[in-house]
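# A structural walkthrough
For reference, the chains in residue letters:
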Amino acid sequence: MPVIGQFEFKEKDNRVVFKGGSSPNVSEPDKPPVAFAGIALTDQVMVNGSLEATVSFDGEITGASVCEIVFGHDSRTRGQVTAGLGGSGAMYSVRQWVTNASLGSSGALPPRGTWKDLRLDGDRGNLRSKTPYQLVVRVDGSNIRLDVNGVRVIETTLPEAISEPRQVGVFCLGHTDVTISRFAAAVEQPRVFIVTQFSSPYNEVYSHVIKAVCQELKLTALRADELYGPEIIIKDVVDNITKSQIVIADISPTNPNVYFEVGYALALGKPIVLLAQRRSADSPLPFDVSAFRVLFYDDTIGGKPKLEEGLRNHLREILGRA
């Protein structure tokens, strides 16, 4: 569905045509006309997965020619994250449109804001009209990859993790039409990385509570001892924290590895759910985490349903399912 700008939808051959154009620059009459902008969204929402489309600029390439896949549109703020061709004067771009609600909006136009360039690459002088470009955007938590015609051209990390599923679609800008064909979304379950000490009773809390609640909410839960391959363990851990939407950490024992992984997730801006066995007043949590909200639990039969309910509520809130 079009949100901004004009689009033609040709369902028979799975094509969408953005109708480019220009209008006089009212605020600065001495400058060139302003190119039309357009956003069209699908009924899909995504946190993890792949998006692909074939893009062709139908007219002359100008400094305003842009076509990017939207993989993080927030309908409340109308901010978005995009990856594709032509953004901010580059050949390849991964960007974030950061809105400023206080500046308002004129209705048919997006709310005022600024583009935050997350990664730009390539000389846009190589961009050609009437040439098909196959774009594939891969989203793994904070990790973003852009392939064009089968070649990986950008890989970067988002400054803030997207934990709540958001809409996907296309963003276009230009004085002439842009054709988008074969748009497809392969949506995957959000990932949760579990940080615990590998011993009893934490193994049982993971397998009987954490993993069960994640499965119930259609989340893929993974712990470091379930990783396989030739890489150094800490690299696998760091990579999987980066690729996850949420981190759940049991900080009951004072374990340096657990605290390192929590600190790394915090630095990436990941939502973190902290668990801890209930303790006496003379055995408080370490100072560094004492200010955080912690879900305390009792290692008893009666403590299990309370932990399940609390964890379920935390995860639903993070995922926007409350």
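First things first, this report covers the structure right here in the doc. All values derive from a computational prediction rather than experimental measurement. (Residues numbered from 1 in each chain as written. Predicted model: local features only at pLDDT ≥ 70, side-chain atom pairs only at ≥ 80, totals over all residues. Heavy atoms only, no water.)

### Focus: the packing of aromatic side chains
For clarity, the threshold we go by: Ring geometry is summarised as follows: Phe, Tyr and Trp rings, the Trp one being its six-membered ring, pair when their centres sit within 6.5 Å, and such pairs are stacked at plane angles under 30 degrees, edge-to-face over 60 and tilted between the two. Throughout this description, the term charge over a ring refers to an Arg CZ or Lys NZ atom that lies within 6 Å of the ring centre and within 35 degrees of the ring normal.
This model, assessed by the stated rule, comprises four aromatic pairs. An aromatic cluster is built from Phe7, Phe9 and Phe18, whose rings are joined through pairwise contacts. One residue, arginine 95, lies across the ring of tryptophan 115, its end atom 3.6 Å from the ring centre.

### Section: helix α1 (residues 202-216)
For the record, the criterion: Only DSSP runs of H or I with at least four residues qualify as helices, and only runs of E with at least two residues qualify as strands; both kinds are numbered from the N terminus onward. In a helix, the anticipated span is given by 1.5 Å times the number of residues less one. Fitting axes to the seven residues that end at a residue and to the seven that start at it, the angle between those axes gives the bend at that residue. Burial classification: accessible surface area is computed with a 1.4 Å probe over protein chains only, and a residue below 20% of its type maximum counts as buried, one above 50% as exposed, and the rest as partly exposed. Any pair of residues with heavy atoms lying within 4.5 Å of one another is described as a contacting pair.
A rise of 1.5 Å per residue sets the reference length of α1, with its 15 residues, at 21 Å; its end C-alpha atoms lie 20 Å apart and thus fit the reference within 8%. Helix geometry: α1 is bent most strongly at isoleucine 210, by close to 30 degrees. Burial in α1 covers these residues: Tyr202, Val205, Tyr206, Val209, Ile210, Val213 and Cys214. Those residues of α1 that are buried lie in contact with β16 (191-195), β17 (220-223), β18 (246-250), β19 (272-277), β20 (294-297) and α4 (303-318). Looking one or two residues beyond α1, the residue adopting positive phi is lysine 218, at roughly 60 degrees.

### Digging into the sheet that holds β17
Here is the rule we go by: For two strands to count as paired, DSSP must find a minimum of two bridges between them. Think of each axis as a best-fit line through the C-alpha atoms, taken over the contacting stretch in the case of a helix, with angles from 0 to 180 degrees between the N-to-C directions.
Reading across from one edge, β17-β16-β18-β19-β20 is the order of the five strands in this open sheet, with parallel pairing throughout. One side of each edge strand has no neighbouring strand; the edge strands of this open sheet are β17 and β20. For this sheet the average axis-to-axis angle between neighbouring strands, irrespective of direction, equals 25 degrees. Both β19 and β20 contribute to a ladder of four bridges, which runs parallel. Of the residues in β20, the one forming a bridge with leucine 274 is valine 294. Across the face of the sheet, helix α3 (residues 256-267) comes into contact with β16, β18 and β19 while running at roughly 155 degrees to β19.

### Re unusual backbone geometry
Between serine 200 and the following residue, proline 201, the backbone shows a cis peptide bond with an omega angle of 10 degrees. Along the chain, the position of proline 201 falls in the loop between β16 and α1. Phi at serine 88 takes a positive value of approximately 55 degrees, unusual for a residue other than glycine. Along the chain, serine 88 falls in the loop between β8 (80-85) and β9 (90-99).

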